[in-house]
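Breakdown of the fold
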Amino acid sequence: MASTVNERPGYGQLLRTPGAWTFLLPGFLARQPFAMLTIGILLLVNDTTGSYGTAGTVSATAGVAMALFAPQSGKLADRFGQAAVLIPGVVVHAAAISLLTVLALSDAPLWALLVAAVPAGASTPQIGPMVRARWASKLDGSPLMSTAAAFESVTDEFTFVIGPVLATALCTGVHPAAGLVAEAVLTLAGGLLFATQRRTQPQPSRAAAGAAEGKRVSALSVPGVRVLAIVMLGIGTVFGGMQVSMTAFTKEMGEPGLNGLMYGAFAAGNMIAGIACGVIAWKTSPQRRLLLAYPLLVLATTPLWAAHHMVLLGALGMAVGLCIAPSLITGYTLVEKLVPAGARTEAFTWLTGAVGLGQAAGATVGGRLIDSHGASTGFLVPLGGTAVALLVLLVLRKALTPRSESVVAARGVGHREAVPVD
């Protein structure tokens, strides 16, 4: 199924792509707050209300808003350019986070927190999809695209290693609101710095050659994107369920300060697997790889609820992380094959938004289960979410075959279409 990296360009060649570092470094800084948002809300609201269910609901509201508005942000970025969307977006986000923080510290009613959480989530900058769109623009048709997808997954997971640990340390060691304040400051500074790198952003589709006819292709009109969104929704329930359940578990065990470390072990497993996926020169198609990787993820989530020791849970969490990266990387790799260039930022934001929506649902359902039945029951959410997504994937797997491949398969080798002659 796989051979050595020597048969395919690797990370070294990828990072030597002209102009890559001009958006990689600002993009790395700008995406760090992404992993701090939901856990920062969760820790602050839990501190002020004493309820995991309430904290999970507020966090989930921000996640749902992000999932619903992210594709629209991606569509606007495809049409008008990334900077035109990003600059006002980060300003609005910083203001929304400030409002939510003040309301939480003022013991505002739940409805007020939910109202403030909507713009906070909706304005979350989609730096990851924007970076992926820049790679896709530079590497269109290149074998390095798969390597870029792996590299971005590793970067995302490094963010999920640093973000929760930093947010937890600030919330528990400095002030319950410190995590969200840091998230807002980093988002504003990093987002503005990334937006200044205009030379590497994809050409806005309104100026592209094919836009003259006024016809635009929506990424969601591609059946494969809809299937991948369900796949990512399931992965999101793992992130959300693990986040709220590990927070409750460490507090139940009397070690709340270890929450960031525990979640970091989960994210570290994801990062390690992501590095490996980028090194391996795969011979199997990405569709088949996804069908092999996703059942392993479902299997890895199965024993989480039965773990009653910190070390065991950390090990199981890392195992789950090891199984997430192959599915994430393959899903993003398939976008390059399924979606026209002018709609890729939108497609990436649909997938990222689906992860956020799943994360919100996982946090909400997990919080309710924890309030009613204890911390361990929250770990049933990742299992249920991925199992349902796997069923959809198996039923609709043919939608992941790129149109060109399905046409070739239908026609057979050597087929020639009739061509009219004047």
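Anything mentioned here points back to the structure above.
Here goes a summary of the coordinates provided. (Residues numbered from 1 in each chain as written. Predicted model: local features only at pLDDT ≥ 70, side-chain atom pairs only at ≥ 80, totals over all residues. Heavy atoms only, no water.)

Inspection of the entire model under this criterion finds three aromatic pairs. Ring plane angle 75 degrees and centroid distance 5.3 Å describe the contact between Phe23 and Trp135, whose orientation is recorded as edge-to-face. Within this pair, whereas Phe23 is found in helix H2 (residues 20-31), its partner Trp135 is found in helix H7 (residues 127-138), the two being separated by 112 residues in sequence. Looking at Phe23, the relative accessible area reads 0%, which means it is buried. (Phe/Tyr/Trp six-rings, centres within 6.5 Å; stacked < 30°, edge-to-face > 60°. Helix = DSSP H or I, 4+ residues; strand = E, 2+ residues; numbered from the N terminus. Buried < 20%, exposed > 50% of the residue type's maximum accessible area, 1.4 Å probe, protein only.)

As a packed pair, helix H3 (residues 34-49) and helix H4 (residues 52-80) sit with axes 8 Å apart at the nearest point and diverge in direction by 150 degrees. Classed by the angle they form, the pair H3 and H4 counts as roughly antiparallel. Considering how the two elements wind past one another, H3 and H4 form a crossing that is right-handed. Residues Phe34, Thr38, Ile41, Leu42, Val45, Asn46 and Thr49 of H3 pack against Tyr52, Thr54, Ala55, Gly56, Val58, Ser59, Ala62 and Met66 of H4. In terms of residue class, the contact of H3 with H4 is made up of nine nonpolar, six polar and no charged. (Axes fitted to C-alpha atoms, helices over the stretch in contact; angles between N-to-C directions. Parallel < 35°, antiparallel > 145°, perpendicular 65-115°, else oblique. Left-handed = near helix turned anticlockwise from the far one by under 90°. Contact = heavy atoms within 4.5 Å. Nonpolar A, V, L, I, M, F, W, Y, C, P; charged D, E, K, R; others polar.)

Ranked by internal contacts, the top residues of the largest apolar core, which has 72 residues, are Ile235, Phe266, Tyr294 and Ile324. Among the elements that take part in this core, helix H10 (residues 223-252) stands out by supplying 14 residues, more than any other. Setting aside residues no more than four positions away along its own chain, Phe266 makes contact with Val238, Phe239, Met242, Met246, Gly317, Met318, Val320, Gly321 and Ile324. One finds Leu14, Ala30, Ala77 and Phe151 within the second-largest nonpolar core, a separate group that totals 22 residues. (Core = buried A, V, L, I, M, F, W, Y, C linked by side-chain atoms within 4.5 Å.)

What follows concerns a nonpolar patch on the surface. The grouping of Phe28, Phe158, Ile162 and Leu166 at the surface amounts to a nonpolar patch, some 280 Å² of accessible area in total. Take the nonpolar patch: its biggest share by element is three residues, from helix H8 (residues 144-173). By secondary structure assignment, the location of Phe158 is in helix H8. When its relative accessible area of 32% is taken as the criterion, Phe158 is described as partly exposed. (Patch = residues over 30% accessible without salt bridge, like charges linked within 9 Å, V, L, I, M, F, W, Y side chains within 5 Å. Areas by Shrake-Rupley, 256 points an atom, 1.4 Å probe, with all protein chains shown as cover. Salt bridge = Lys/Arg side-chain N within 4 Å of Asp/Glu carboxyl O.)

This part is about the environment of Ala117. Following the sequence through the fold, Ala117 ends up in helix H6 (residues 110-122). Judged by relative accessible area, Ala117 falls into the buried class, the value being 0%. Counting along the chain gives 18 residues from Ala117 to Leu99, while the straight-line C-alpha distance between them is 9.0 Å. Not counting the four nearest positions on each side in its chain, Ala117 is found in contact with Val58, Thr61, Ala62 and Leu100.

With that out of the way, let us pick up the pattern of salt bridges. Following the criterion strictly, the structure yields one salt bridge and no others. When the shortest N-O distance is used, the salt bridge between Arg31 and Glu152 registers 2.6 Å. Highlighted residues: Arg31 in helix H2 and Glu152 in helix H8, separated in sequence by 121 residues. By relative accessible area, which is 5% here, Arg31 ends up buried.

Moving on, we come to H4. In an α-helix, one turn spans 3.6 residues, which is why side chains three or four residues apart end up on the same side. Relative to the 42 Å expected for 29 residues at 1.5 Å per residue, H4 spans 40 Å between its end C-alpha atoms, a close match to the ideal helical length. Along H4, the helix axis deviates most sharply at Phe69, where the bend reaches about 30 degrees; the proline Pro71 sits within four residues downstream. Measuring from the backbone nitrogen of Thr54 back to the side-chain oxygen at the start of H4 gives 3.1 Å, which picks out Ser51 as the cap. One or two residues past the end of H4 sits Gly81, with phi positive at roughly 105 degrees. (Expected span 1.5 Å × (residues − 1). Bend = angle between axes of the 7 residues up to and from the residue. Polar contact = N/O pair within 3.5 Å; in protein donor to acceptor, adjacent residues only side chain to side chain.)

So, about H6. A rise of 1.5 Å per residue sets the reference length of H6, with its 13 residues, at 18 Å; its end C-alpha atoms lie 19 Å apart and thus fit the reference within 8%. Those residues of H6 that sit buried are Ala112, Leu113, Ala116, Ala117, Ala120 and Gly121. Projection of H6 onto a plane perpendicular to its axis shows the buried side chains occupying an angular sector of 155 degrees, all on one side. Exposed side chains of H6 directed beyond 90 degrees from the buried face belong to Trp111 and Val115. Contacts made by the buried residues of H6 are with H3, H4 and helix H5 (82-105). (Arc of directions from axis to C-beta.)

Across the interface, H4 lies against helix H14 (residues 344-373) with an axial gap of 8 Å and an inter-helix angle of 175 degrees. The angle between H4 and H14 places the two elements in the roughly antiparallel class. In the contact of H4 with H14, the residues fall into 13 nonpolar, twelve polar and six charged.

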